[in-house]
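Listed below are the residues making up each chain.
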Amino acid sequence: MSKTLFTIGPTQMYETTRTVRQQDIPYFRNQSFSDIMLETDSLLKKHMKTSQDSKTVFLTASGTAGMEAAIENLFYEGDRVLVIVGGGFGRRFEQICKKKKLNCDGVYLETDQQLEFKDLEPFADIDYKALIVNLHETSTGQLYDITLLKKFCESRNMLLIVDAISTFLCDEYSMDANGIDVTIISTQKGLCVSPGMCMVVMNDRVVRDYLKSSGELPNMYFDFNDYLVNMERGQTPFTPAVGIVYEIHDMLLAVEKDSLESKLKEVEGRTRAFREAVISEGISIPKFRCSNAITTVIFDKPIAKAVEKELIETKGYVINPCGGEIGKYRFRVSHVGDLSIDDTVDLAETIKKLYKEM
Ligand SMILES: *Cc1c(COP(=O)(O)O)cnc(C)c1O
């Protein structure tokens, strides 16, 4: 049976991405590849709503490397930072900061607790260098309120570092208007292309005032300076995942052609249809602000694993499980990728049917 990926990510890929994937990988140290890189960079900044003066680092590594490299290139041992820890990805940021020996405080959220301004107030008098956040905490489905984070940062001259890996092209995202200094994304989530690359976009104040110089960094592969110099001519210091660059380019061109708004509407339409269909007696979703990228489905009995198994076996529908004890009662369904409303509603109806049978 063919599989449909209601997962993030990889996601259910679009036909055009599959076509690009099937091409031969060309040689890349030439102008024609540079042109692709430069156009990709320009479209990325446009759709992220940041100035063309911002700088992008294209890394061949998964999203976590983008998180780690951003921290490493900007912060020193002992720097005070505040991390929103509302799930697995927040914990990952915290872990990275601790490994780099930053002086790191966490804003810890309980399961299903929505982040509010009052949760930041206990930290208001501390002099932090940055607030670090996964805007959509993909492990729970909560989309934090960016205006709330912006308000906290701008009144005290803090950097705002945002992992938008499952926000970009899923939910409205405006880097400059929200005072976001650094955005981290990766290829297999909102972008819906192959896993294997991540991008770190920095505004000019970060590049000018915060980026460490090469001499200060203990490593070579993740030294952003080298990437910035190379990117001036549309190249990377080391061999990138050339094929994935073509996939990103193709995806961003498609967004450009249809408009970002219609892309976001497409995702939102599926999200709304799914939620309307799935919420019923015994089946709910979290009450916090939810991202359009995924819906966390909560059962009132521990059947999540059994439902997941049935969905794969009877329909070929693949969903994202939730980790830990809680995973007995809930799983996550993605709405990004080449998914139709019909399949999305069928998934919801099948979940309801299975609930009644179990
Ligand atoms: C998927 C994801 C990452 C990165 O995970 P990788 O497996 O390293 O690509 C980071 N942050 C968020 C919010 C994610 O959803």
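Computed from a predicted model, the values in this text were never measured in an experiment. (Residues numbered from 1 in each chain as written. Predicted model: local features only at pLDDT ≥ 70, side-chain atom pairs only at ≥ 80, totals over all residues. Heavy atoms only, no water.)

J.: Could you clarify how one ought to interpret the pairing of strand E9 (residues 182-186) in this entry?
T.: Looking down a regular strand, the side chains alternate between one sheet face and the other. Taking burial as the measure, the five residues of E9 include five buried ones, the bulk of the element. Alternating positions in E9 separate into two faces, Val-182, Ile-184 and Ser-186 on one and Thr-183 and Ile-185 on the other, with burial throughout. Direction of pairing for strand E8 (residues 159-163) relative to E9: parallel, over a ladder of three bridges. Opposite Asp-163, over in E9, you have Ile-184 as the bridge partner. Inspection of the sheet shows E9 paired to strand E10 (residues 198-202) by five bridges, in the antiparallel sense. What sits directly across from Thr-183, in E10, is Val-201. (Buried < 20%, exposed > 50% of the residue type's maximum accessible area, 1.4 Å probe, protein only. Helix = DSSP H or I, 4+ residues; strand = E, 2+ residues; numbered from the N terminus. Pairing = 2+ DSSP bridges.)

J.: Can you help me understand the site of the ligand in this one?
T.: Neighbouring residues of the ligand: Ser-62, Gly-63, Thr-64, Met-67, Phe-89, Arg-92, His-136, Thr-138, Asp-163, Ile-165, Gln-188 and Lys-189. At 2.5 Å from a nitrogen atom of the ligand is found a side-chain nitrogen or oxygen belonging to Asp-163. Between the ligand and Gln-188, the relevant distance is 2.8 Å, taken from an oxygen atom to a side-chain nitrogen or oxygen of the residue. Breaking the shell around the ligand down by element, the ones donating at least two residues are helix H3 (63-74) and helix H4 (88-99). In terms of residue count, the dominant contributor to the shell around the ligand is H3 (three residues). In terms of residue class, the shell around the ligand is made up of three nonpolar, six polar and three charged. (Near = heavy atom within 4 Å. Polar contact = N/O pair within 3.5 Å; in protein donor to acceptor, adjacent residues only side chain to side chain. Nonpolar A, V, L, I, M, F, W, Y, C, P; charged D, E, K, R; others polar.)

J.: Is there a simple way to think about the sheet that holds strand E1 (residues 4-6) in this case?
T.: Across a sheet, strands are paired by hydrogen bonds formed along the backbone, either parallel or antiparallel in direction. Sheet architecture is open: five strands sit in the order E1-E13-E14-E12-E11, paired in mixed fashion. Edge positions in the sheet fall to E1 and strand E11 (283-284), since each has one partner strand and no second. Pairing of strand E13 (residues 317-321) with strand E14 (residues 330-334), which is carried by two bridges, proceeds in the antiparallel orientation. When the sheet's bridge partners are listed, Pro-321 is paired in E14 with Phe-331. Running at roughly 155° to E13, helix H11 (residues 304-315) makes contact with strand E12 (294-299), E13 and E14 of the sheet. Where helix H12 (residues 341-357) meets the sheet, it contacts E1, E11, E12, E13 and E14, and its direction lies at approximately 70° from that of E13. (Contact = heavy atoms within 4.5 Å. Axes fitted to C-alpha atoms, helices over the stretch in contact; angles between N-to-C directions.)

J.: Explanation requested: helix H10 (residues 260-278) in the structure shown.
T.: Residues that lie three or four places apart on an α-helix share one face, since the helix turns once every 3.6 residues. Taking 1.5 Å per residue as the helical rise, H10 with its 19 residues ought to reach 27 Å, and the 27 Å between its terminal C-alpha atoms agrees with that figure. Along H10, the residues that are buried comprise Leu-260, Lys-263, Leu-264, Val-267, Arg-270, Thr-271, Ala-273, Phe-274, Arg-275, Ala-277 and Val-278. Where H10 is buried, its residues meet helix H2 (31-47), helix H9 (242-258), E11, E12, E14 and H12. (Expected span 1.5 Å × (residues − 1).)

J.: When you look at the packing of H10 against H12 in this model, what are you seeing that I'm missing?
T.: Two measures define how a pair of helices packs: the angle their axes make with one another and the distance between the axes. Remark: H10 packs on H12, axes separated minimally by 9 Å, with the N-to-C direction vectors making an angle of 20°. Judged by the angle between their axes, H10 and H12 are roughly parallel. Helix-helix and strand crossings are classified by hand; for H10 and H12 the assignment is right-handed. Contacts between H10 and H12 involve Gly-269, Arg-270, Ala-273, Phe-274, Ala-277 and Val-278 on the former and, on the latter, Ile-341, Thr-344, Val-345, Leu-347, Ala-348, Glu-349, Ile-351 and Lys-352. Among the residues forming the contact of H10 with H12, the class breakdown is nine nonpolar, two polar and three charged. (Parallel < 35°, antiparallel > 145°, perpendicular 65-115°, else oblique. Left-handed = near helix turned anticlockwise from the far one by under 90°.)

J.: Honestly, the environment of Val-57 in this entry has me stumped. Any pointers?
T.: By the element assignment, Val-57 lies in strand E2 (residues 55-59). Separated by 127 residues in sequence, Val-57 and Ile-184 have C-alpha atoms that sit 9.6 Å apart. Contacts of Val-57, omitting those with residues within four sequence positions, involve Cys-198, Met-199, Val-200, Met-202, Phe-224, Tyr-227 and Leu-228.

J.: Help me understand the environment of Ser-186, please; the structure alone is not making it clear to me.
T.: Within the fold, Ser-186 resides in strand E9. Counting along the chain gives 121 residues from Ser-186 to Ala-65, while the straight-line C-alpha distance between them is 9.5 Å. Leave out the neighbours within four places in its chain, and Ser-186 touches Gly-63, Ile-165, Leu-191, Met-197 and Cys-198. Polar contacts involving the side chain of Ser-186 include one to the side chain of Gln-188, which spans 2.8 Å.

J.: Help me understand the pattern of salt bridges, please; the structure alone is not making it clear to me.
T.: If the charged atoms of two oppositely charged side chains come close together, the side chains can form a pair. All chains considered together, the criterion is met by 22 salt bridges. A salt bridge links Glu-94 to Lys-98; its shortest N-O distance comes to 3.5 Å. You can see Glu-94 and its partner Lys-98 sitting in helix H4, four residues apart, about one turn around the helix. We classify Glu-94 as buried; its relative accessible area is 10%. According to the relative accessible area criterion, Lys-98 is partly exposed, its value standing at 48%. One salt bridge connects Glu-266 with Arg-270, and the closest N-O pair in it is separated by 3.0 Å. (Salt bridge = Lys/Arg side-chain N within 4 Å of Asp/Glu carboxyl O.)

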